[in-house]
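Take a look at the letters that make up each chain.
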Amino acid sequence: MTHHLSLADLGWQPFYQQQLSLEEWEAFLPGRIVERHRSEIEVLTETGPVTFPITHSTPELTVGD
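Residues numbered from 1 in each chain as written. Predicted model: local features only at pLDDT ≥ 70, side-chain atom pairs only at ≥ 80, totals over all residues. Heavy atoms only, no water.

**Some words on the sheet that holds strand 3 (residues 48-53)**
Right, so step 1: Read across the open sheet, the three strands follow the order 1-2-3; overall the sheet is antiparallel. The sheet terminates laterally at strand 1 (31-36) and strand 3, the two strands that pair on one side only. Neighbouring strand axes in the sheet, compared pairwise and without regard to direction, differ in orientation by 30° on average. (Pairing = 2+ DSSP bridges. Helix = DSSP H or I, 4+ residues; strand = E, 2+ residues; numbered from the N terminus. Axes fitted to C-alpha atoms, helices over the stretch in contact; angles between N-to-C directions.)

Below you can see the structure in the form of structure tokens.
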């Protein structure tokens, strides 16, 4: 059984949404970083986990962001 998390479960607060434009809200998927490795970052979102590679242009991110 797959458990889907809500944004609130991930620590999302209305304050965060207020920092986004409507275009950003529609274009990006909010989530919480749960693991950071040398070459990739794992993010939990409402739709499930997402893993993306770390490149030279990836900003400094840490678990909990």
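There is more to say, and it comes next.
**Remarks on the pairing of strand 2 (residues 40-45)**
Where a strand is regular, its side chains alternate between the two sheet faces.
Right, so step 1: What you see with strand 2 is a clean split: Ile 41, Val 43 and Thr 45 sit on the buried side and Glu 40, Glu 42 and Leu 44 on the side with no burial.
Right, so step 2: Bridge analysis of strand 1 against strand 2 gives five bridges, and the strand direction is antiparallel. In the sheet register, Glu 35 faces strand 2, and the bridge partner there is Glu 42.
Right, so step 3: From the end of strand 1 to the start of strand 2, which pair antiparallel, there are three residues.
Right, so step 4: Across six bridges, strand 2 lies against strand 3 in antiparallel orientation. Counterpart to Glu 40 in the pairing with strand 3 is Pro 53.
Right, so step 5: Hairpin geometry of strand 2 and strand 3 is characterised by an intervening segment of two residues between the two adjacent antiparallel strands. (Buried < 20%, exposed > 50% of the residue type's maximum accessible area, 1.4 Å probe, protein only.)

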